[in-house]
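Per-entry structural report
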Amino acid sequence: MRISVIAWKELIQLRRDRLTLGMAVALPVMQLLLFGYAINADVRHIRTVVYDEDQTAASRDLVRSLEATGTYDIVGNVRDHGEIETSFQSGDARVAIVVPARYAADLGAGRSPTVGLLVDGSDPQVVGSATSTASSLVAARGAELAAQRTPPIGIEPNILYNPDQRTALNIVPGLVGVILTMTMVMLTSMAVVRERERGTLEQLIVSPVRNAELVIGKILPYIAIGYLQMSLVLALGRFVFDVPILGSVPLLFGIAALFIAANLALGLSFSTIAKTQQQAMQMSMFFFLPNILLSGFMFPYESMPAPARVLGNILPLTHFLRIVRGIVLKGSALRHLYGEVIWLAAILAAFVLFASLRFKKKIT
Amino acid sequence: MTAIIETRDLSRRFGNLVAVAGISLRVEQGEIFGVLGPNGAGKSTTIRMLCGILDPTSGSGTVMGFDIARDAERIKERIGYMTQRFSLYEDLTVAENLRFYAGIYSVARSETKARVESTLERTGLAQRRSQLAGTLSGGWKQRLALACSTIHQPPLLFLDEPTAGVDPMSRREFWEQIHQLASAGTTVLMTTHYMDEAERCHRLAFIFKGRLLDVGTPEQIVARRKLRVVELDVDRATEAAEALRHRPGVDEVAHYGHMLRVATYDVRDPLAFTRDALADVGIEIRSLREARADVEDAFVSMVRAEAQEAAAAPAARAS
Ligand SMILES: Nc1ncnc2c1ncn2[C@@H]1O[C@H](COP(=O)(O)OP(=O)(O)O)[C@@H](O)[C@H]1O
Ligand SMILES: [Mg+2]
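Quick caveat, the model's predicted, so the values are computed rather than measured.

Helix and strand counts for chain A stand at 14 helices and five strands. Residues classed as buried in chain A amount to 50% of the 364 residues present. Summed over its atoms, the accessible surface of chain A is roughly 16300 Å², and 63% of this surface lies on carbon and sulfur atoms.

On to the coordination of the magnesium ion (ligand 2). All names here are of chain B. The protein atoms that coordinate the magnesium ion (ligand 2) are Ser44 (OG) and Gln84 (OE1), at distances of 2.0 to 2.6 Å. Of this pair, Ser44 sits in helix α1 (residues 43–51) while Gln84 sits in the loop between β7 (79–82) and α3 (94–104); the two residues are 40 residues apart in sequence, bridging distant segments of the chain. By relative accessible area, Ser44 is classed as buried at 15%.

With that settled, consider a nonpolar patch on the surface. On the surface, A:Leu33, A:Tyr37, A:Phe239 and A:Val240 cluster together into a nonpolar patch covering about 430 Å² of accessible area. The topology assignment puts A:Tyr37 in helix α2 (residues 18–40).

The next thing to look at is the site of ligand 1. In the vicinity of ligand 1 there are twelve residues, among which B:Gly40, B:Gly42, B:Lys43, B:Ser44 and B:Thr45 approach most closely. Site remark: ligand 1 is flanked by residues from chains A and B. At 2.7 Å from an oxygen atom of ligand 1 is found a side-chain nitrogen or oxygen belonging to B:Ser44. Where the shell around ligand 1 is concerned, the elements lending two or more residues are β2 (17–23) and α1 of chain B. Residue contributions to the shell around ligand 1 peak at three residues, all from α1(B). Partitioned by chemical class, the residues of the shell around ligand 1 number five nonpolar, six polar and one charged.

Residues and elements named next belong to chain A. Direction vectors running N to C along helix α1 (residues 2–16) and helix α9 (residues 211–239) enclose 45°, while the axes themselves pass 8 Å from each other. By the angle between their directions, the pair α1 and α9 is classed as oblique. Considering how the two elements wind past one another, α1 and α9 form a crossing that is right-handed. In this structure, α1 contributes Arg2, Ile3, Ile6, Ala7, Lys9, Glu10, Leu11 and Leu14 to the contact, and α9 contributes Glu213, Leu214, Ile216, Gly217, Lys218, Leu220, Pro221, Tyr222 and Ile225. Broken down by class, the residue content of the contact of α1 with α9 amounts to eleven nonpolar, one polar and five charged.

All names here are of chain B. Taken domain by domain, chain B comprises domain 1 (3–216) and domain 2 (222–318). Put simply, the middle of domain 1 and the middle of domain 2, counted by C-alpha atoms, are 35 Å apart. Contact residues are listed per partner, giving 14 residues for domain 1 and ten residues for domain 2. Approximately 1100 Å² of surface area, both sides summed, lies buried where domain 1 meets domain 2, with 70% of it carried by carbon and sulfur atoms. On the domain 1 side of the contact with domain 2, Met195, Glu199 and Phe206 bury the most area, a combined 46% of that side's loss. Joining domain 1 to domain 2, the criterion identifies three salt bridges. Between domain 1 and domain 2 we count five residue pairs in polar contact (both at pLDDT 80 or more) in total. For the side of domain 1 that touches domain 2, the secondary structure elements donating two or more residues are α7 (195–198), β10 (203–208) and β11 (211–216). Here the side of domain 1 that touches domain 2 takes five residues from β11, the largest share from any one element. Class assignment for the residues of the side of domain 1 that touches domain 2 results in nine nonpolar, two polar and three charged.

The rules we used
- Residues numbered from 1 in each chain as written.
- Chains lettered and ligands numbered in written order.
- Predicted model: local features only at pLDDT ≥ 70, side-chain atom pairs only at ≥ 80, totals over all residues.
- Heavy atoms only, no water.
- Helix = DSSP H or I, 4+ residues; strand = E, 2+ residues; numbered from the N terminus.
- Buried < 20%, exposed > 50% of the residue type's maximum accessible area, 1.4 Å probe, protein only.
- Areas by Shrake-Rupley, 256 points an atom, 1.4 Å probe, with all protein chains shown as cover.
- Donors = N, O, S within 2.8 Å, 3.2 Å for Na, K, Ca; no water.
- Patch = residues over 30% accessible without salt bridge, like charges linked within 9 Å, V, L, I, M, F, W, Y side chains within 5 Å.
- Salt bridge = Lys/Arg side-chain N within 4 Å of Asp/Glu carboxyl O.
- Near = heavy atom within 4 Å.
- Polar contact = N/O pair within 3.5 Å; in protein donor to acceptor, adjacent residues only side chain to side chain.
- Nonpolar A, V, L, I, M, F, W, Y, C, P; charged D, E, K, R; others polar.
- Axes fitted to C-alpha atoms, helices over the stretch in contact; angles between N-to-C directions.
- Parallel < 35°, antiparallel > 145°, perpendicular 65-115°, else oblique.
- Left-handed = near helix turned anticlockwise from the far one by under 90°.
- Contact = heavy atoms within 4.5 Å.
- Domains from an automatic or database assignment.
- Buried area = accessible area lost by both parts, 1.4 Å probe.

Below is the structure:
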């Protein structure tokens, strides 16, 4: 009853605070479009060198059709792997196509030849385009060749320097977690600090409202906003960026509750430390940065140094990212995700404990 | 009489600062009890301890029989508290503010609507029901704040500087409401530093630098200071004031327009005393009469005595 009164009040305030509300909705949309289009944009005309060990009509035919896709600009032929390395280092080329010596012979003998595609991984967008174009081309040719009763050609993309490249697909589910982290922590911490700044918090803590009622009533509307943001990102991802959700949506939304609650608890903890809304905002930003860097959103978790991995592990986003990517991209079921869910629950418990220890119905 | 509030040596420090230093007092049911003191005296800190939102560092107290440290939540259900800056939700309308406070004080849902309506009617806020609280003027804000903190009809009401920044007409109406509440049985404890308001309280407590200087009815407090006051009209008022101020037996000299108000302490005939004092410096008196000493005179005198003692204490220790 008191919870619903507090939530009702919070909703009215939220409705009148057009800026915050607008931000809560516009932020996910903007971020998604920005990230989505930047990553999705087909990178064309990638400077490419060819190392044709076979030197047959068949191998030249393959290179020609790869060039015809428009993705690769053949800038030269090289004679060994050393020269590929050199052209990568100098920036003359970012992709190398390696046709093995027995390409034509293998094709003729009914074996699957494997064409090498070496990609300079320092630019993830190049990697995305280079590998996907080659794969689809080879798949198409494979079908064509299969019709002639010849075995399919394999392509073996080989990404140098940064072997764990993510594709555009990873961005959409990742953004779900990133946006929730940013807005949930910030909105809750500010919602409480605002009351302290305006003096209404004292009026609240002198009332018989219980701690739990106050906290739950205050964060309920923000949980709703969190789900709204999540639905928006997933829907846009599905219909604009063609990222289908392979796994169970109810499972995703269920586990997301843990994640949202963990962020809200953290926001409440911040609100007990920050004196002004500005400080609350700064603290949220300060928290946001390691989330972007250490969670596996920007850089693959596996390639981070050990201390960064330890730090990354205590961020709820790290675990939520694996969960959301697992469910959306791989169709993971709950049994695949137990480890991450337990982590998330443990972090949530720790945050809630901290928040409730700090959040007292007392003046300090 | 039953004590609604009772404290013993109630104290609160903030680091090295002693905000409240050993206050013992008793407030009876149905009283309008005023707490007087300059800014920083410790009034708000005292109220916060009584409301159970700030723990005392030492000493104890009970409010309606509940211990302020142990049973804070029980106290909170039974009191109304209007904070120092009327803390309303400025982005909620008048009616929404009332509904919200009715809700968090668990006014039954079936009753809330009627309660809010009658409050709107009674306070004259009905025409402004849909106005955002932030756009109300000071007087209306105060009225709404009082309505919010009494919507659950608490038997005990704490008001922290309820009339600060409010125009005289609104203050007058506000006091009418306070007296109505009190005659209906509500106990009211309020802080103020308006001396004229102090005189409207049944009893007063004077707080200065966290210490309780005196408690009693306004008449008792004034009487205990043994002050006698004269008001005079003189030629060179500034010079006259200066001459009087340095005269032993003069507690305080204050300008009131063309008049001087002189408070004397322990002087048998204040009229003759004043005449003599001004004759010595050759200033002519146009008119002179004795006036009633008031709470302000008593307060100033008490604070002055305290300051003198404080100044004397280190000297005494040194000798
Ligand atoms: N939360 C706090 N932290 C530190 N000092 C405080 C706090 N609250 C009050 N004080 C200090 O305690 C003293 C008494 O303050 P207060 O009770 O607000 O005075 P009053 O209400 O009489 O003006 C002041 O010196 C004030 O600065
Ligand atoms: Mg105060």
